[in-house]
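Architecture at a glance
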Amino acid sequence: MDINELRSQIDGVDKQIIELFRQRQAISENIAAYKLAAGKPIYDPERERKKLVEVAGLAGEDLRTGAIMLFSTLFDLSSTRQMQVMNKTSDLAQRITAAIENTPKQFPQYPIVACQGVEGAYSQIACEKIFRTPNIMYFQNFEGVFAAIENGLCEYGVLPIENSTAGSVNRIYDLMAQHNCYVVRSARLKVDHSLLAKKGTKLSDIKEIFSHEQAINQCAGFLKTLPGVKVTVVENTAMAAKMVAESERTDVAALSSHSCASLYGLDCLASSVQDKGNNFTRFICISKNLEIYPGADRTSIMCVVPHRPGSLFKVLSRFFALGINLVKLESRPIPDRDFEYMMYFDFDTPLYSKEFVQVISELETMCEEFRYFGSYSEIV
């Protein structure tokens with residue numbers, strides 16, 4: 001028997017599988033109609049668990065794992081089809097729809113905005129990229145930005161969320177999980193770090209460098225060329241420049257934006273000292289209110305899945321079944337729960353599509369905890 005005959009046999013089996021899949025989905029539609037009339041939930045974990053045990057036994061030891069994966073996918077596709085038939089949407093999906101309709105069509109241009117740091121911070125530069133003429137309030141730390149928004153001191157806040165070389169700003173993810181805020185826009189900012197010091201200072205004079213932890217990580221290669229120089233973490237790159245300017249010492253420097261040189265009267269000892277030239281940081285703009293502006297094509301969510309095998313697979317399979325592209329997946333430890341994690345997802349799909357409404361509605365019921373962080377567009 002040659003390869004063509006074997007492929008012909010496979011084609012024949014595939015046709016049977018497709019026909020049986022059609023039949024199975026048709027039966028799922030009838031089940032959906034029954035559940036809708038009876039007021040029963042779509043997801044039946046006990047039935048699903050028993051069914052997986054049954055098919056695992058039928059498949060035999062060699063094919064047991066594959067059979068479980070196959071039928072888990074079939075169950076997910078069946079649930080998705082039932083949701084479509086029942087046209088079931090969650091309260092959150094309805095809130096999102098209302099936000100799309102009620103949010104002003106033009107993004108605000110002159111609001112009060114909270115940023116962490118001082119004048120010259122990268123957050124300020126990102127803020128001015130997002131808004132035309134923002135009235136900026138500065139806070140010492142990220143917590144202060146969230147508190148200012150929640151207490152009504154300002155309408156929006158701009159915060160760094162991830163860097164192309166140093167990775168995510170984990171503290172922001174933790175704070176997003178703790179506070180009731182939504183992302184309304186994001187911006188990608190090219191970041192160039194310079195080594196700044198008091199006028200007249202030479203590179204050989206430097207004994208200590210101040211900067212933010214992310215900037216230090218991004219300039220690790222350059223810092224290795226300065227043996228014996230102490231590196232000290234501070235809250236913000238612009239704050240580091242200000243500290244150097246106000247210090248009585250002449251042996252200190254700051255890794256900061258080049259604009260801080262003229263702002264704080266410092267000399268630039270070395271420019272563009274980051275390890276990679278394509279060094280970008282994403283900033284998010286957050287609000288206390290759920291606002292979804294025209295052009296929003298990226299959505300951020302957080303979920304906690306049950307701590308058992310296959311839970312994350314079931315969540316990911318929802319995106320696959322609905323043809324939704326995941327652009328980011330991040331995990332963070334859950335406080336006081338050993339070796340358990342919150343999962344952060346960014347995905348892109350049109351907000352007006354039935355797939356978007358469906359994935360939001362389904363995940364909300366599947367997860368132990370679920371948070372919707374907003375839908376927004378990104379300025380590049």
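Residues numbered from 1 in each chain as written. Predicted model: local features only at pLDDT ≥ 70, side-chain atom pairs only at ≥ 80, totals over all residues. Heavy atoms only, no water.

Time to look at empty space enclosed by the protein. Applying the stated criterion to the full structure yields 2 cavities of 30 Å³ or more. In this model, the largest cavity occupies a volume close to 230 Å³. What lines the largest cavity is a set of 18 residues, and nearest its centre among them are Tyr122, Pro160, His212, Gln214 and Phe283. Mapped onto the lining of the largest cavity, the elements with two or more residues apiece are α5 (122-130), β3 (156-163), α8 (213-218) and β11 (280-287). Taken as a whole, the second largest cavity holds about 140 Å³ of empty space. Considering the residues around the second largest cavity, the lining is formed by 15 residues, among which Ile161, Tyr173, Ser300, Asp346 and Phe373 are closest to the centre. Sorting the residues of the lining of the second largest cavity by element identifies α7 (170-178), β11, β12 (298-304), β13 (325-333), β14 (341-348) and β15 (369-376) as the ones contributing at least two each. In terms of residue count, the dominant contributor to the lining of the second largest cavity is β14 (3 residues). The residue inventory of the lining of the second largest cavity, partitioned by class, reads 10 nonpolar, 1 polar and 4 charged. (1 Å grid on protein atoms, 1.4 Å probe; cavity = no way out; pocket = protein on both sides within 12 Å on 5 of 7 lines; lining within 4 Å. Points joined across faces, edges and corners; volume = space filled by probe spheres on them. Helix = DSSP H or I, 4+ residues; strand = E, 2+ residues; numbered from the N terminus. Nonpolar A, V, L, I, M, F, W, Y, C, P; charged D, E, K, R; others polar.)

Our focus in this paragraph is the side chain of glutamine 116. Among the structural elements, glutamine 116 can be located in strand β1 (residues 112-116). Of note is the side chain of glutamine 116, whose polar atom sits 3.1 Å from the backbone oxygen of glutamine 140. Within the structure, glutamine 116 has its side chain in polar contact with the side chain of asparagine 236 (distance 3.1 Å). Excluding anything up to four places from it in sequence, glutamine 116 contacts Ala121, Ser123, Phe139, Gln140, Asn141, Phe142, Val145, Glu235 and Asn236. (Polar contact = N/O pair within 3.5 Å; in protein donor to acceptor, adjacent residues only side chain to side chain. Contact = heavy atoms within 4.5 Å.)

Now for unusual backbone geometry. The backbone phi angle of serine 272 is positive, close to 50°, even though this residue is not glycine. Take serine 272: it is sitting in the loop between β10 (266-270) and β11.

Our focus in this paragraph is the pattern of salt bridges. This structure, assessed with the given rule, holds 21 salt bridges. Measuring nitrogen to oxygen at the nearest pair gives 2.9 Å for the salt bridge that ties arginine 249 to aspartate 251. The exposure class of arginine 249 is partly exposed, given its relative accessible area of 35%. For arginine 298, the salt bridge is made with aspartate 346, and the minimal N-O distance between the two is 3.0 Å. With arginine 298 in strand β12 and aspartate 346 in strand β14, this pair connects stretches of sequence that are 48 residues apart. Overall, the relative accessible area of 14% leaves arginine 298 in the buried class. Among the residues examined, aspartate 346 registers a relative accessible area of 7% and is labelled buried. (Salt bridge = Lys/Arg side-chain N within 4 Å of Asp/Glu carboxyl O. Buried < 20%, exposed > 50% of the residue type's maximum accessible area, 1.4 Å probe, protein only.)

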